[in-house]
Structure formats: structure tokens, C-alpha cells
Amino acid sequence: QQPVQSPQAVILREGEDAVINCSSSKALYSVHWYRQKHGEAPVFLMILLKGGEQKGHEKISASFNEKKQQSSLYLTASQLSYSGTYFCGTDVYGGSQGNLIFGKGTKLSVKP
Amino acid sequence: DSGVTQTPKHLITATGQRVTLRCSPRSGDLSVYWYQQSLDQGLQFLIQYYNGEERAKGNILERFSAQQFPDLHSELNLSSLELGDSALYFCASSEGTGVVGGEQYFGPGTRLTVT
């Protein structure tokens, strides 16, 4: 039940756009996005909840299609600082539990 | 700096041994989560504690156990270690009980190498 992320890796030039997709075989209560730079801990980007609510504190946009159990992360006008591995975490239990099932990640490299 | 601390940073031990990883959550956070990150499996949720009580369990082996103490720090105990247990172990914390409540703040991790 691990979500599938695509692409596995992407290389961009500064200023280019990218879309990272996350697809689950199970119904989702929420989707969480994290970015991990090499040698560092994952850092929260955004939560997307059923019903359309979103919580995040970066200028990143994302979508959540509840019917298709899919989420996409949109990185526009990429900067060097966007480089890292992006993980989606899926919440298939809802409620007050803390289980997040993470995908294997999408490695994003932004070149000057 | 997320405010979550983990010790030790690195741990090298032999197969069959037992180790304890320690985590102190951010001030005010009541939930602590443990994750294992290996190259082939990605980030795997192990277990969650909320205010001293076990709240959720993931793919945690029976050889592994955890607890959260009254001061909210948590320990992950790994016993009868195998080569395959070599990984980066992250602790994360959050304010509320569940994932929908908000973000998880990850500590810097403990890199465990089993030889």
C-alpha cells in the first residue's frame, strides 16, 4: 500500500517547472508532502485534506484528487534551493493516528 | 533546526547487540513518531506515542520497542540486531495526536551501522 511517486528523478534548469505525482491504491484522508535535502532531515511542505483544505507554509502549490487517490506537487520557477528528494506521505487511516505511509521519493536536481 | 534532538548521531555496533536511541521532542509537542529510512525502503513509519501512550504502530519488528516517558522524551530500543537493521532512524514530533493536525518536525536522525 506504499504510494507510487513519479517521476523517480528529474533534472531541471533554474526557472523551469516540475510536477511530482503521488498515487495510492487506497482511499486517502490526507496527503502530506516533505522535502529532504541530502544528509538532512525531512522538512514539512504541505498537508492536503479531504474537502479541499490545505495547510502549508511555503509558496508551493499542490492538488489532491480524492476520487482518484492522487496528489500532485507543482514546483514553478524552480530555484537551486528546491533541490532535494520529495516524499509524499499518505494517511489511509484518518482519525487521531499518526500513521503516514511514504512513497519512495522523487529526487529533484536544479542546475544553474 | 527543528527543535527535535536525537542522540547519538552515529552508532556502530555488532550483530546480536542491543542499542537505545533517544529523542527529545519540540517543546510543547506531545506526539513522538519513529521512522526508519533505508536506501531501498524509503521512509518507514515504525511507531507513534502521544503523551506517554502508544497511539499507532507501523512496520515495527518485534525485536524493536519504544516508550515515551513522563517528560515526553522517547527511546527506541533495538535488540538482536541484524545487518539489515542498518539505517537512518528519525524521530519526529507534533502537537496533536494525529497526522491531520499538522506538520511533523523531524530530528537530525541517528545513523545505525550494524557490522
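All figures in this text were calculated on a predicted structure; none of them were measured in a lab.

Asker: For this particular structure, what's the right way to read the environment of B:Leu11?
Answerer: Residue and element names in this part refer to chain B. Relative to the helices and strands, leucine 11 is located in strand 2 (residues 10-13). Separated by 95 residues in the primary sequence, leucine 11 and phenylalanine 106 place their C-alpha atoms 19 Å from one another. Not counting the four nearest positions on each side in its chain, leucine 11 is found in contact with Val19, Leu21, Arg111, Leu112 and Thr113.

Asker: I keep staring at the nonpolar core and nothing clicks. Help me out?
Answerer: Note on soluble globular proteins: their nonpolar side chains tend to be buried together. Judged by nonpolar contacts, the single largest core of 23 residues is most densely connected at A:Trp33, A:Leu45, A:Leu73, A:Leu75, A:Tyr86 and A:Leu108. Among residues more than four places away in sequence, those in contact with A:Leu75 are A:Glu16, A:Asp17, A:Ala18, A:Ile20, A:Ile60, A:Tyr82, A:Tyr86 and A:Leu108. Residues B:Ile47, B:Tyr49, B:Phe64 and B:Ala87 belong to the second largest nonpolar core, which totals 21 residues.

Asker: Please clarify how the state of the cysteines should be interpreted in this entry.
Answerer: Two cysteines joined by a covalent bond between their sulfur atoms form a disulfide. Evaluation of the coordinates by the stated rule reveals two disulfides over all chains. In this model A:Cys22 forms its disulfide with A:Cys88; the gap between the sulfur atoms is 2.0 Å. On the S-S bond that ties A:Cys22 to A:Cys88, the torsion sits near 70°, and the link is right-handed. Pair noted here: A:Cys22 is in strand 3 (residues 18-23) and A:Cys88 is in strand 9 (residues 84-91), with a separation of 66 residues, a long-range link. A:Cys22 gets classed as buried once you look at its relative accessible area, which sits at 2%. A sulfur-sulfur distance of 1.8 Å marks the disulfide that ties B:Cys23 to B:Cys91. The sign of the -45° torsion about the S-S bond sets the B:Cys23-B:Cys91 disulfide as left-handed. Here B:Cys23, found in strand 3 (residues 19-24), pairs with B:Cys91, found in strand 9 (residues 87-94); they are 68 residues apart in sequence, far enough to count as distant. No difference in accessibility class separates B:Cys23 from B:Cys91, as the two residues are buried.

Asker: What should I look at first to understand the side chain of A:Ser71 in this one?
Answerer: All names here are of chain A. Counting through the fold element by element, serine 71 comes out in strand 8 (residues 70-75). For serine 71, a relative accessible area of 1% translates into the label buried. Dropping the residues within four chain positions of it, serine 71 is found in contact with Ile20, Asn21, Cys22, Val31, Trp33, Leu48, Ser63 and Phe64.

Asker: Hey, could you run me through unusual backbone geometry in this one?
Answerer: A negative phi angle is the norm for most residues apart from glycine, just as the trans form is the norm for most peptide bonds. In this model, A:Ser6 is joined to A:Pro7 through a cis peptide bond whose omega is -5°. Along the polypeptide, A:Pro7 turns up in the loop between strand 1 (4-6) and strand 2 (9-13). For A:Gln69, which is not glycine, the phi dihedral falls at a positive 55°. Although it is not a glycine, B:Ser80 sits at a positive phi angle of roughly 45°. Note that B:Ser80 resides in the loop between strand 8 (74-78) and strand 9. Residue B:Ser80 is classed as partly exposed on the basis of its relative accessible area of 41%.

Asker: Would you mind showing me how to read the packing of aromatic side chains here?
Answerer: Using the criterion set out here, one finds nine aromatic pairs over all chains in the structure. Arranged with centres 6.0 Å apart and planes meeting at 80°, the rings of B:Phe90 and B:Phe106 form a pair that is edge-to-face. One end of the pair, B:Phe90, is in strand 9; the other, B:Phe106, is in strand 10 (residues 105-106), and 16 residues separate them in sequence. Each member of the aromatic cluster is reached from another via a ring pair, and the members are A:Tyr34, A:Phe44, A:Phe87, A:Phe102, B:Tyr35, B:Phe45, B:Phe90 and B:Phe106. In this structure, A:Lys50 is placed above the aromatic ring of A:Tyr29, and the distance from its NZ or CZ to the ring centre is 5.3 Å. Lying over the aromatic face of B:Tyr105, B:Arg26 brings its terminal NZ or CZ to 3.6 Å of the ring centre.

Rules and cut-offs
Residues numbered from 1 in each chain as written. Chains lettered and ligands numbered in written order. Predicted model: local features only at pLDDT ≥ 70, side-chain atom pairs only at ≥ 80, totals over all residues. Heavy atoms only, no water. Helix = DSSP H or I, 4+ residues; strand = E, 2+ residues; numbered from the N terminus. Contact = heavy atoms within 4.5 Å. Core = buried A, V, L, I, M, F, W, Y, C linked by side-chain atoms within 4.5 Å. Buried < 20%, exposed > 50% of the residue type's maximum accessible area, 1.4 Å probe, protein only. Disulfide = S-S within 2.5 Å. Phe/Tyr/Trp six-rings, centres within 6.5 Å; stacked < 30°, edge-to-face > 60°. Lys NZ or Arg CZ within 6 Å of the ring centre and 35° of its normal.

What is shown is where atoms sit, not what they do.
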